[in-house]
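The lines below spell out each chain.
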Amino acid sequence: MDLKEILRQKREDIVDRWFEAILSSYHEDARGPMRRTQAQFTNPVGFNFREGLEGLFDAVLQGMLPDTVTGFLDAIVRLRAVQDFSPSQSLSFIFELKKILRAAAGAELSGDPETADELVRLDGVIDDLALFAFDLHMECREKIYALKAQEARDMTFRLLQKAQLIAEHQE
Amino acid sequence: MSKLPKPAELAKVSYQLPKTGWMDTPVEFKPGMFCHGSKPKSLELVGFPNPREWRPADADWKLPENWKEIIIEGIADRLKKYRSFRLFMDICVRCGACADKCHFFIGTGDPRNMPVLRAELIRSVYRKEFTTAGKILGKMAGGRELTLDVLKEWWYYFYQCTECRRCSVFCPYGIDQAEITIIGRELLNLLGLNIEWIAGPVSNCYMKGNHLGLEPHTIVGNLEYMLDDIETVTGKRIKPTFNRKGAEILFVTPSGDLFADPGTYTAMGYLMLFEELGLDYTWSTYASEGGNFGFFTSNEMGKRLNSKIYAEAKRLGVKWILGGECGHMWRVLSQYMDTWNGPADFLEVPKSPITGTVFENAKSMKMVHVAEFTADLIKNNKLKLDPSRNDHLKVTWHDSCNVARGMGMLEEPRYVLKSVVNNFVEMPEDTIREKTFCCGSGTGLNASENMELRMKGGFPRANAVKYVHEHHGVNMLGNVCAIDRASLKALMEYWVPGVGVCGLHELVANAMIMTGEKERTTDLRGEPLPSVAAKEEKA
Ligand code: SF4
Ligand code: SF4
């Protein structure tokens, strides 16, 4: 059977493992609540992570189209970008997928040169995904700095206007 | 091969707390998670203890030698004074119902942000010092010594709680973590351990009457700008009065709405509404702050800052007081003002001069929230409204914790909103009304240096907004709170770009047809009205 087909059949299990891998970067007492992945609004972290990973998994198998992954990636990366992780910690979950896919491909296929090639191709897709994720992470960080600066500006706008330090925009 | 640890290893090593358990794990101060420490000047001005330069991330907090005694005595005092505190120290059964209800826990995944553990921060010390079991058995009975590390942990986590009370809704015993945080912050203030974002506004308010330290001419000047803008939009020049003796009503609102968008549009809304009603009211440049950051430091300070409101009402000889849109302001006014600085028996029970409605609910404190006031006007058909002027907006409603969960004001703002807009969409049920999710920036945590904390804490709220944005095209988030207006803007920009933030009375003023106004072509923000935009498109 085609490797992708095998992986597709094991989707649930693979995404479970991937989800657990990302949860392992949180305190063990926080993981229980995060596992209630149906609770879209009261457990937005678990819900978004789970949904995001499912979407990313499908995208990886499809060879990944940038506009399909952005939303799914965003659901995970945007939050982790403001949590107490370094960039590498924040994004390491993506590489976990390589190991998980290898484990899922299983002994039945190991040694088969075609499967090995296919796995290497998927590794390449995952690497690309990581690069996208890195861009997005940087974008989020820049947004945070921009917001910090902008709030300071907003706060003084009327006062500067009053001191006539800001020219009125004329049509 | 390089010896560098792999990212996956790093992630595992550094983010998991060591196995010692939370009680023995000193807190690590992470950038973006805490605010700047209070400046000596801000503390000195109001006579708070231990004014000095200090930095929260420094090892040495420059505490008085007997700091521990001060805290333990402080706890003893408060156990005597507040029955709620005593009760909350004793009755938690650790059922865990509150554990995952706090927006800060949800957003950070940090167990010490579980309400039950936040309370344990103090409770453990209480057990050790004030219960027989704790004194004898120590840790076995859940007690622990008050050390500098514990104190730092208090500071870090009591400034990661917005006193929103969401957790208390789910506690079978009604344990209110907000009350515990209030006491926790009071204790910290005994040692000068405040944040400048609170201490600064407190001293400003004490000296100048408002958090920003705006002097009378600046207040008047800022309002003048709004009056210019109102004239541009409506063709009407409004002339409000300031500090006018003998006015019927004193209007008090948070100063935040006087100087920063989008709050300014809400303030313009008040000006227009009161003008249209011909209300006999006055602004005060002295009681120029409805909010009360003193409430986030100590009961005593809250009381001191609040006293100017009744004092000014008395000086001006008004009959009653009308309050602008604010969250914590309203909790302080409704739940504390009367006890602190009342009885205000020189005032009359508020009665709307327009509808004749007597606000029985304000019989004692003599102050009415503008959302109640306007709801009554609309109910009695006193306003001419054209909600289609707000047709470019699809609005959802954020219940601000203090007014909604704290004070039960759930229907009045919705009633007003539905009368002034045609497109209103509720957010999912678990995230509104009593169960509303906090903006993540309340209780003086709306500084900029803790932006990461705010974005995490505000994530559950933003997540619900995102849902109605994506599924129903919502593009505006309404609320009746000045801190919301200031802080949700950044939250939306990070999580749900394309959704703006506004106060209720901005929408009211957009829809309200004023006597003798010119044909309006824009809303208060200068955006073309839907009808005009449609015409332009055709042309
Ligand atoms: S009061 Fe609000 S912020 Fe504080 S612990 Fe409870 S839910 Fe969290
Ligand atoms: S819900 Fe109440 S009783 Fe249960 S752990 Fe939380 S505070 Fe304690």
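Keep in mind that this is a model prediction, so the values were computed, not measured.

Procedures and definitions
Residues numbered from 1 in each chain as written. Chains lettered and ligands numbered in written order. Predicted model: local features only at pLDDT ≥ 70, side-chain atom pairs only at ≥ 80, totals over all residues. Heavy atoms only, no water. Helix = DSSP H or I, 4+ residues; strand = E, 2+ residues; numbered from the N terminus. Rg over C-alpha atoms; globule rule 2.2 N^0.38 Å. Buried < 20%, exposed > 50% of the residue type's maximum accessible area, 1.4 Å probe, protein only. Contact = heavy atoms within 4.5 Å. Areas by Shrake-Rupley, 256 points an atom, 1.4 Å probe, with all protein chains shown as cover. Lys, Arg positive; Asp, Glu negative; His and termini not counted. Charge placed at Lys NZ, Arg CZ, Asp CG, Glu CD. Phe/Tyr/Trp six-rings, centres within 6.5 Å; stacked < 30°, edge-to-face > 60°. Lys NZ or Arg CZ within 6 Å of the ring centre and 35° of its normal. Near = heavy atom within 4 Å. Nonpolar A, V, L, I, M, F, W, Y, C, P; charged D, E, K, R; others polar. Pairing = 2+ DSSP bridges. Axes fitted to C-alpha atoms, helices over the stretch in contact; angles between N-to-C directions. Domains from an automatic or database assignment. Salt bridge = Lys/Arg side-chain N within 4 Å of Asp/Glu carboxyl O. Polar contact = N/O pair within 3.5 Å; in protein donor to acceptor, adjacent residues only side chain to side chain. Bend = angle between axes of the 7 residues up to and from the residue. Parallel < 35°, antiparallel > 145°, perpendicular 65-115°, else oblique. Core = buried A, V, L, I, M, F, W, Y, C linked by side-chain atoms within 4.5 Å.

Turning our eyes to something else, we now look at the overall build of chain B. In terms of helices and strands, chain B carries 23 helices and 7 strands. Taken over the C-alpha trace, chain B has a radius of gyration of 24 Å; the compact-globule value for 539 residues is 24 Å, and the two agree within 12%. With the C-alpha coordinates of chain B rotated into their principal frame, the extents come out at 75 × 65 × 40 Å. Split into buried and exposed, the 539 residues of chain B put 62% on the buried side. Counting only contacts in chain B whose residues sit at least 6 apart along the sequence, the fraction spanning at least 24 positions is 77%. Only carbon and sulfur atoms are counted for the fraction: they give 52% of the accessible area of chain B, which is about 20,000 Å². Mean positive and mean negative side-chain charge positions of chain B (67 and 66 charges, respectively) differ by 3 Å.

A separate point is the packing of aromatic side chains. Using the criterion set out here, one finds 31 aromatic pairs over all chains in the structure. A ring pair is formed by Trp61(B) and Trp155(B), whose centres lie 5.9 Å apart and whose planes are at 70 degrees; its orientation type is edge-to-face. Here Trp61(B), found in the loop between α2 (40-46) and α3 (67-81), pairs with Trp155(B), found in helix α8 (residues 148-158); they are 94 residues apart in sequence, far enough to count as distant. Of the two residues examined, Trp61(B) and Trp155(B), each falls in the buried class. Judged by centre distance (5.2 Å) and plane angle (85 degrees), the ring pair of Tyr156(B) and Tyr157(B) falls under edge-to-face. Like Tyr156(B), the residue Tyr157(B) is buried in the burial classification. Sitting over the ring of Tyr494(B), Arg78(A) keeps its end group 5.0 Å from the ring centre. When the ring centre of Phe170(B) is taken as reference, the NZ or CZ atom of Lys101(B) above it lies at 5.0 Å.

The next thing to look at is the site of ligand 1. All names here are of chain B. Ligand 1 sits among Cys102, His103, Pro115, Arg118, Cys161, Thr162, Glu163, Cys164, Arg165, Arg166, Cys167 and Gln177. At the level of secondary structure, the elements contributing two or more residues to the shell around ligand 1 comprise α6 (115-130) and α9 (166-170). Considered class by class, the residues forming the shell around ligand 1 number 5 nonpolar, 3 polar and 4 charged.

This paragraph deals with helix α16 (residues 370-379) of chain B. In an α-helix, one turn spans 3.6 residues, which is why side chains three or four residues apart end up on the same side. All names here are of chain B. Most of α16 is tucked away: 9 of the 10 residues are buried. Of all the residues in α16, the buried ones are Val370, Ala371, Glu372, Phe373, Thr374, Ala375, Asp376, Leu377 and Ile378. Looking at the buried positions of α16, the neighbouring elements they touch are α13 (263-277), β3 (320-323), α15 (328-341), β4 (367-369), α18 (411-420) and α22 (504-511). Directly beyond the C-terminal end of α16, a positive phi value near 60 degrees is found at asparagine 381.

Let us now look at the site of ligand 2. Inspection of the region around ligand 2 gives Cys92(B), Val93(B), Arg94(B), Cys95(B), Gly96(B), Ala97(B), Cys98(B), Val116(B), Cys171(B), Pro172(B), Tyr173(B) and Ile175(B) as its neighbouring residues. Considering only residue class, the shell around ligand 2 consists of 10 nonpolar, 1 polar and 1 charged.

All names here are of chain B. Here 4 strands make up an open sheet; going across it, the order is β2-β1-β3-β4 and the pairing parallel. The sheet is open, and its two borders are formed by β2 (281-283) and β4, each paired with just one other strand. The average undirected angle you get between the axes of adjacent strands in this sheet is 30 degrees. One ladder, built from 3 bridges, connects strand β1 (residues 249-252) with β2; its direction is parallel.

Another point: the sheet that holds strand β6 (residues 476-479) of chain B. Across a sheet, paired strands are connected by hydrogen bonds in the backbone, their directions being either parallel or antiparallel. Residue and element names in this part refer to chain B. One open sheet holds the 3 strands; their spatial order is β5-β6-β7, and the pairing between them is parallel. Two strands lie at the open edges of the sheet, namely β5 (395-397) and β7 (500-503), each paired on one side alone. On average, each strand axis in the sheet is tilted by 35 degrees relative to the strand beside it, whichever way the strands run. Sheet topology places β6 next to β7; 4 bridges connect them, and they run parallel. The residue of β7 that forms the bridge with leucine 477 is valine 501. The sheet strands contacting helix α21 (residues 482-495) are β6 and β7, and the helix crosses β7 at an angle near 170 degrees.

This paragraph deals with the domain arrangement of chain B. Residues and elements named next belong to chain B. When its domains are assigned, chain B resolves into domain 1 (25-194) and domain 2 (200-511). Taking the mean C-alpha position of each, domain 1 and domain 2 sit 30 Å from one another. With 33 residues of domain 1 at the interface, the matching set in domain 2 holds 38 residues. Linking domain 1 with domain 2 are 0 salt bridges, by the criterion used here. The interface formed by domain 1 and domain 2 holds 12 residue pairs in polar contact (both at pLDDT 80 or more) in total. Contributing elements (two or more residues each) for the side of domain 1 that touches domain 2: α2, α5 (103-108), α9 and α10 (177-189). Looking at which element gives the most residues to the side of domain 1 that touches domain 2, the answer is α10, with 6 residues. For the side of domain 1 that touches domain 2, the per-class residue count stands at 16 nonpolar, 10 polar and 7 charged.

All right, on to α15(B) then. At Gln335(B), α15(B) shows its maximal kink, close to 45 degrees. Inspection of α15(B) places His328(B), Met329(B), Trp330(B), Arg331(B), Val332(B), Leu333(B), Tyr336(B), Met337(B) and Trp340(B) among the buried residues, and these make up the whole buried set.

Helices that pack against each other are described as a pair by the angle of their axes relative to one another and the distance between those axes. Relative to each other, helix α4 (residues 44-61) of chain A and helix α20 (residues 459-472) of chain B sit at 55 degrees, their axes nearing to 10 Å. Overall, the two elements α4(A) and α20(B) adopt an arrangement that is oblique. Where α4(A) approaches α20(B), its residues Pro44(A), Val45(A) and Asn48(A) are matched on the opposing element by Phe459(B), Pro460(B) and Asn463(B). Residues of the contact of α4(A) with α20(B), tallied by class, amount to 4 nonpolar, 2 polar and no charged.

A few words now on unusual backbone geometry. All names here are of chain B. Across the junction of aspartate 261 and proline 262, the peptide omega takes the value 5 degrees, indicating a cis bond. Note on placement: proline 262 falls in the loop between β1 and α13. Here the residue pair glycine 342 and proline 343 is connected by a cis peptide bond, since its omega of 0 degrees sits within 30 degrees of zero. Relative to the assigned elements, proline 343 resides in the loop between α15 and β4. Backbone geometry at asparagine 50 places phi at a positive 55 degrees, although glycine is not the residue there.

Of all hydrophobic cores here, the largest spans 147 residues; its most connected members are Leu151(B), Trp154(B) and Trp155(B). With 11 residues, helix α7 (residues 113-162) of chain A is the largest single contributor of residues to this core. Both domains that furnish three or more residues to this core are identified here as domain 1 (25-194) and domain 2 (200-511) of chain B. Residues Ile219(B), Leu250(B), Trp283(B) and Leu377(B) belong to the second largest nonpolar core, which totals 74 residues.

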